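Residues per chain, in single letters:
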Amino acid sequence: MLDAQERLSTANAAASGPHSAGSGRSGWSLPLQFFLAVIGFITYVPFALMLVISFKTRAQFAVQPIWPTFPLHFENYRFALEQVLRPVLNTTVVCVGAIGITLFVSSMAAYAFARFQFPGSRILFTGIISLLMIPQVLLLVPRYVVTGQLHMLGNQLGLIVPYVAAGEIFAIFVMRTFFAAIPGELVEAARVDGASHWMIYWRIILPLSKPILATLGIIQLINLWNDFIWPFVVITKKEDYTLALILRTFAGDFGTQWGLIMACYVTASLPLLIVFALASQQFIRGLTAGAIKF
Amino acid sequence: MATQVPQVVSSRVQTAVTVKPIWQRIWQMRLAYAFLIPAFIFLILFEYWPAFLAMKEAFYDWDGFRINNFIGLANFRELWNDAVFRKSLVNILIIFLFYLTIPFLMPIIIAEAIFNLASERAQKFWRVFLLVPAIVPSLVTLLLWQYLYNPVDGFLNTLLVAWGQQPQLWLSSPDSALWAYMLIGFPWASGTSMLIYFAGLQNIPQDVIDASRLDGAGTWTRIRKIDLPLLMGQIRLFAILTVIETFQRYVSVLILTDGGPANATIVPGLHLFHKAFSGNRLGYASAIGLVMFAFILALTLINQVLLKNPDTESRTQAVV
């Protein structure tokens, strides 16, 4: 297994951007700009098409499937909003629930690992880390059976609870390191003043850990927002559909009405783009750290 | 990493650790266990217990409900003769080898290209510009490619027809489906790996780069002799991630082709999924999962040996 700490520091370096302002500065700028422009153009073709087509009626698409046509049909978006709003709310409930519980229980566990020396702490911690090596595909089937045995299939709990378990592993690992690095004098001073461990955890450690909590929350958000397979096996009723589930139905349900389909895709992409716009630094940190965990 | 000791341990606790018998120490530290219990309830139910089940049930005939009979190695024997599984292994190997070529190199090339731009503002612009598509939900991107490949209305066939060419079936023909699937994401320039490579390049001390220039090394020499060796850590990281991710990949196949047409795009993870959720053969599916686990583990180890990095080696071992 890889050194996860090394990976996280790589991610932090990636997120913090050009502090050292290093550069090759080779004098090849012009051809390189051209190269990047070509690559960038090709990269954006699918997304540009999505945007252009999302304003078309069926007739406009039949005549001109590539370039914009006028008038633009904004009413496609009213339709899209109706389709997407409920799944977005469902997904938000699941994500907020799962992320909140994950951060809470993992920060408690990480506090125990970082601040207590108790019998079995090494074994328990290694046990958590070794879970990172088990591929998710191996766990899919037995997790499904366990979820069924606990009567959680077909409802949001069946999503939230397994998500918490899966998210905890990396979160505990990262937070333990972070908590251990918090200066000891701070905690000792509070102990002398008679603060309980719970108070120290709740009043000192957690407030100091806001940046790492935000990063871990974003990692979890990106993973869960995009997850398809687990809702696919757990959720049965259409009113409980998450965004990923509803997205897949559009192309089948609306046949060749590509304007409506694309408007739905655009609308479905907006929530994450908005989060990115509001907290881009946190988002990039979460994205890069999330990309390099298993 | 794992050997790191928490920095603060009150002196009272430390004396207790050395003197008292174990049950007394456990009782004294009961608060620590109380902090751990909530996290472990989740882990035991949805990580440890499923992991145990997956390994055990690979040797059982299991429907997840009533039938649960020990059948020894019968699942694995059947798997050995399973033509679909064999096909899925061939497919995943092709996909894996392909992903090690252009899709693997592209982020490095892009990072280098941006790194060699003269203006810092241009550097920042291109990094953000190429990152934004990665923030669109992955499923939307996948469905957009499904549209590009649509045989009737799709963009690619519209282009082909406009240029007077024959329209193609893309994902819908057994001959082209696997290639069409692998080309999804072209030109593989967007994403976080590019950012991580770029950060790696930025961590190269500027005086090293300046010195190489004074010594008369051109850009090309610098890339070969300085940049690439110093990026080995990241390259090794993404090589291992490519192994792990490619061999587990099946959700995108499920969405686009469901393994078809005629098993042209079947992959092991999807075969597992079909056996479990269409065939109700959960024991057999677990056996597939176990074999995949073994494959991934073996390839990760091979990768570690092939791309050995002396700097990080000792730390890596500490975690394992």
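As the structure is a computational prediction, the values presented were derived from the model and not from experiment. (Residues numbered from 1 in each chain as written. Chains lettered and ligands numbered in written order. Predicted model: local features only at pLDDT ≥ 70, side-chain atom pairs only at ≥ 80, totals over all residues.)

Chemist: Help me understand the overall build of chain B in this model?
Modeler: In terms of regular secondary structure, chain B is built from 18 helices and two strands. The buried share of chain B, reckoned over its 320 residues, is 38%. Restricting to contacts in chain B with at least 6 residues of sequence separation, those with at least 24 account for 64%. (Helix = DSSP H or I, 4+ residues; strand = E, 2+ residues; numbered from the N terminus. Buried ≥ 20, exposed ≤ 12 C-beta atoms within 10 Å, placed from the backbone. Contact = placed C-beta atoms within 7 Å.)

Chemist: I keep staring at the overall build of chain A and nothing clicks. Help me out?
Modeler: Across its full length, chain A carries 14 helices and zero strands. The N-to-C order of helical and strand elements in chain A reads α-α-α-α-α-α-α-α-α-α-α-α-α-α. Scored against the burial criterion, the 294 residues of chain A give a buried share of 47%. Restricting the contact set of chain A to residue pairs at least 6 apart, pairs at least 24 apart contribute 80%.

Chemist: Even after reading the chapter, I still don't get helix H7 (residues 120–135) of chain B, so can you show me in this structure?
Modeler: Relative to the 22 Å expected for 16 residues at 1.5 Å per residue, H7 of chain B spans 23 Å between its end C-alpha atoms, a close match to the ideal helical length. Of all the residues in H7 of chain B, the buried ones are Gln123, Trp126, Arg127, Leu130, Leu131, Ala134 and Ile135 of chain B. Turning to H7 of chain B, the residues buried within the fold contact helix H2 (29–53) and helix H13 (258–278) of chain A together with helix H6 (102–115) and helix H11 (192–202) of chain B. (Expected span 1.5 Å × (residues − 1).)

Chemist: Would you mind showing me how to read the packing of H2 of chain A against H13 of chain A here?
Modeler: Helix-helix packing is characterised by the crossing angle of the two axes and by the distance between the axes. Residue and element names in this part refer to chain A. As a packed pair, H2 and H13 sit with axes 7 Å apart at the nearest point and diverge in direction by 120°. It follows that H2 is oblique to H13 by the angle criterion. By crossing handedness, the relation of H2 to H13 is classed as left-handed. Between H2 and H13, the residues in contact are Met50, Leu51 and Ile53 and Trp258, Gly259, Met262, Tyr265 and Val266, respectively. Its residues placed into classes, the contact of H2 with H13 shows seven nonpolar, one polar and no charged. (Axes fitted to C-alpha atoms, helices over the stretch in contact; angles between N-to-C directions. Parallel < 35°, antiparallel > 145°, perpendicular 65-115°, else oblique. Left-handed = near helix turned anticlockwise from the far one by under 90°. Nonpolar A, V, L, I, M, F, W, Y, C, P; charged D, E, K, R; others polar.)

Chemist: How should the packing of H2 of chain A against H7 of chain B be read in this particular structure?
Modeler: Contact geometry of H2 of chain A with H7 of chain B gives a least axis separation of 10 Å together with a crossing angle of 20°. One way to sum up the angle between H2 of chain A and H7 of chain B is to call them roughly parallel. In the crossing of H2 of chain A with H7 of chain B, the sense of the turn from one axis to the other is left-handed. Counting all contacts with H2 of chain A, which are made through Gln33, Leu36, Gly40, Thr43, Tyr44 and Phe47 of chain A, the residues of H7 of chain B involved are Ala122, Trp126, Phe129, Leu130 and Pro133 of chain B. Class assignment for the residues of the contact of H2 of chain A with H7 of chain B results in eight nonpolar, three polar and no charged.

Chemist: Looking at this model, I keep getting lost on helix H4 (residues 75–115) of chain A. Mind explaining?
Modeler: Since there are 3.6 residues in each turn of an α-helix, residues three or four apart along the chain are aligned in direction. Here H4 of chain A spans 57 Å end to end across 41 residues, near enough to the 60 Å set by a 1.5 Å rise per residue. When the local axis directions of H4 of chain A are compared, the greatest deviation, roughly 35°, occurs at Val84 of chain A, which is followed within four positions by the proline Pro87 of chain A. (Bend = angle between axes of the 7 residues up to and from the residue.)

Chemist: Looking at this structure, how should I read the nonpolar core?
Modeler: Looking at soluble globular proteins, one finds that nonpolar side chains tend to be buried together. Ranked by size, the top nonpolar core spans 166 residues in total, and within it Ala109 and Tyr265 of chain A carry the most contacts. The residues contacting Ala109 of chain A, other than those within four sequence positions of it, are Ile172 of chain A together with Phe35, Leu36 and Ala39 of chain B. (Core = buried A, V, L, I, M, F, W, Y, C linked by C-beta atoms within 7 Å.)

Chemist: Looking at this structure, I do not really get the confidence of the model for chain A. What am I missing?
Modeler: Note: predicted coordinates in regions of low pLDDT should not be interpreted at a detailed level. Residues and elements named next belong to chain A. On average, residues of chain A score 85 in pLDDT, and 89% of them reach the 70 mark or higher. Averaged over each element, pLDDT in chain A is lowest for helix H1 (residues 4–16) (53) and highest for helix H11 (residues 229–234) (94). Considering only residues more than four positions removed or in separate chains, one finds that residues 17–22, a stretch of pLDDT under 50, has 10 contacts. (pLDDT = per-residue confidence, 0-100.)

Chemist: Sorry if this is basic, but what is going on with the environment of Val152 of chain B here?
Modeler: Residue and element names in this part refer to chain B. In this fold, Val152 is placed in the loop between helix H8 (138–148) and helix H9 (155–162). Residue class for Val152 comes out exposed when judged on the 8 C-beta atoms lying within 10 Å of it. Placed 25 residues apart in sequence, Val152 and Ala177 show a C-alpha to C-alpha distance of 16 Å.

Chemist: What exactly am I supposed to notice about unusual backbone geometry here?
Modeler: Glycine aside, negative phi is the norm for most residues, and most peptide bonds take the trans geometry. A cis amide bond links Phe70 of chain A with the next residue in sequence, Pro71 of chain A, at an omega value of 0°. With respect to the helices, strands and loops of the structure, Pro71 of chain A is situated in the loop between helix H3 (58–63) and H4. A cis amide bond links Phe186 of chain B to the next residue, Pro187 of chain B, at an omega of 5°. With respect to the helices, strands and loops of the structure, Pro187 of chain B is situated in the loop between helix H10 (177–182) and H11.

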